[in-house]
Amino acid sequence: MNPSASSASPSALRIFRGLPPPSLRRPCALAIGNFDGVHRGHQAILARVREAARARGLVPTVMTFEPHPREFFAELHKRPELAPTRIAGLRDELCALARYGMQHVVVERFNARLASMPAQAFIDQLLIEGLHVKWLLVGDDFRFGAHRTGDIALLRASAARHGFEVESMESVTDQGQRISSSAVRTALAVGDLDRAAELLGHPYSVSGHVIHGQKLGRTLGFPTLNLRVSRRCPALSGIFVVQVHGLAPDPLPGVASLGVRPTVDDSGRVLLEVHVFDFSGNAYGKLVQVEFLKKLRDEEKFVDLPTLKAAIEDDARQARAYFASSHLGQADLATSATDRI
């Protein structure tokens, strides 16, 4: 367990789609932002929120937005290429927020109403009336409200009138680079999983329930676990060395494909397929976490199934060789990913 993380169980988290009903509103210590990936910069924010909440007897709370504001504006202006990829699905994000000690998470729908809300109305209606904020933490470049007119100065002026505290936090850096979701996305996009892990504080992973697939892997001699991934995800694609948590007491080694499977499917649906080495149990319906260790290659469209099978065989050989030669011996595997955070 990462010592900076809270021991709070994700089941202790209360999730509100929009503002909490009046009967459940409690004075809170609040952080606002898009916590995609919950990277080390986010973790520093959450640690400060926990500390302030504990010192003042407040509920540690996060307000986040769905969809991401950049997704909303990309769709509004018909520029889908401007929408950011997602590092994590909402389930993974919420579980991480719970692990780092948040008790309430408000998922505010980002729509035309919110985008056009004046900055002062955002403070009055959402923060003061809707959330009973008593202590607020924002980044040093935080902007909000219609046309991004709200800033820290406006927050502090409102805080003086309404009796809450405002604190700002400078960006956390690593090797001179600001730790941000954009930096994580860049590392994942180029397959630099080591750099992504440095920024996240742990190896990159995706979780989901195992679903039924086309069973094509069985006919090729490589049965797979299939996890559906949102079109907004993922921030990476290709063929990877992985290990899977949730099927056994220790993580199990395997090889995975994350993408649209161009050889066998032209629907554009994103799927995560994992071949777990030497595993024969029934995994349907189980919630598993797939941890990405090394990228082997980009996704390709092959001319036929025999060529695809030969490529999968080579991928599996490389993945087995990785586990055989890696300093991560089997006895060490259980100390990575979810066991650390």
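Up top is the structure these notes are about.
Asks: Break down the sheet that holds strand β14 (residues 287-297) for me, with residues and values.
Replies: Taken in spatial order, the 6 strands line up as β9-β10-β13-β12-β11-β14 and close into a barrel, and their pairing is antiparallel. Strand-to-strand, the axes of this sheet are offset by a mean angle of 40°, without reference to chain direction. Where strand β9 (residues 205-211) and strand β10 (residues 225-228) come together, 2 bridges link them in antiparallel fashion. From the neighbouring strand, Ile211 faces β10, where its bridge partner is Asn226. The strands touched by helix α10 (residues 305-325) are β11 (238-245), β12 (252-259) and β14; relative to β14, the strand with the most contacts, the crossing angle is about 100°.

Asks: I'd like a description of the sheet that holds strand β1 (residues 14-17), backed by residues and values.
Replies: Taken in spatial order, the 6 strands line up as β1-β4-β3-β2-β5-β6 in an open sheet, and their pairing is parallel. Two strands bound the open sheet, and with one partner strand each, they are β1 and β6 (165-169). Here the strands of the sheet are splayed against their neighbours by 20° on average, with no regard to which way each runs. Inspection of the sheet shows strand β3 (residues 59-66) paired to strand β4 (residues 104-109) by 6 bridges, in the parallel sense. Within the sheet, the bridge partner assigned to Val62 lies in β4 and is Val105.

Asks: Go over unusual backbone geometry, please, and point to the residues and values.
Replies: Note the cis peptide between Glu66 and Pro67, where omega equals 0°. Take Pro67: it is sitting in the loop between β3 and α2 (69-76). Phi is positive for Val38, close to 40°, though the residue is something other than glycine. Its location among the elements puts Val38 in the loop between β2 (28-32) and α1 (40-56). Unusually for a residue other than glycine, His132 sits at a positive phi of about 55°. Assignment of secondary structure puts His132 in the loop between α5 (119-130) and β5 (133-139).

Asks: Any chance you could break down the environment of Leu271 for me, citing the residues and the numbers?
Replies: Assignment of secondary structure puts Leu271 in strand β13 (residues 271-276). Given a relative accessible area of 2%, Leu271 falls into the buried group. For the pair Leu271 and Ser237, spaced 34 residues apart in sequence, the C-alpha separation works out to 9.9 Å.

Asks: Help me get a handle on the pattern of salt bridges, residues and values and all.
Replies: Enumeration according to the criterion identifies 16 salt bridges in this entry. As a salt-bridge pair, Arg185 and Asp36 come within 3.1 Å of each other at their nearest N and O atoms. With a gap of 149 residues between them, Arg185 in helix α7 (residues 181-189) and Asp36 in the loop between β2 and α1 connect regions that are remote in the sequence. Residue class for Arg185 comes out buried when judged on its relative accessible area of 10%.

Asks: If you had to explain the environment of Thr173 to someone new, which residues and values would you point to?
Replies: Residue placement: Thr173 occurs in strand β7 (residues 173-174). Once residues within four sequence positions are removed from consideration, Thr173 is found in contact with Arg178 and Ile179.

Asks: Could you give me a rundown of helix α6 (residues 152-162), with the residues and numbers involved?
Replies: By the burial criterion, the buried members of α6 are Ile152, Leu155, Ser158 and Ala159. Within α6, the buried residues cover an arc of 125° as seen down the axis, which keeps them to one side. Turned more than 90 degrees away from the buried face of α6 sit Ala153, Ala160 and Arg161, all of them exposed. Where α6 is buried, its residues contact α5, β5 and β6. One side-chain oxygen at the N-terminal end of α6 lies 3.3 Å from the backbone nitrogen of Ala153; it belongs to Asp151. Gly163 lies just past α6 and shows a positive phi near 80°.

Calculation notes
- Residues numbered from 1 in each chain as written.
- Predicted model: local features only at pLDDT ≥ 70, side-chain atom pairs only at ≥ 80, totals over all residues.
- Heavy atoms only, no water.
- Pairing = 2+ DSSP bridges.
- Helix = DSSP H or I, 4+ residues; strand = E, 2+ residues; numbered from the N terminus.
- Axes fitted to C-alpha atoms, helices over the stretch in contact; angles between N-to-C directions.
- Contact = heavy atoms within 4.5 Å.
- Buried < 20%, exposed > 50% of the residue type's maximum accessible area, 1.4 Å probe, protein only.
- Salt bridge = Lys/Arg side-chain N within 4 Å of Asp/Glu carboxyl O.
- Arc of directions from axis to C-beta.
- Polar contact = N/O pair within 3.5 Å; in protein donor to acceptor, adjacent residues only side chain to side chain.

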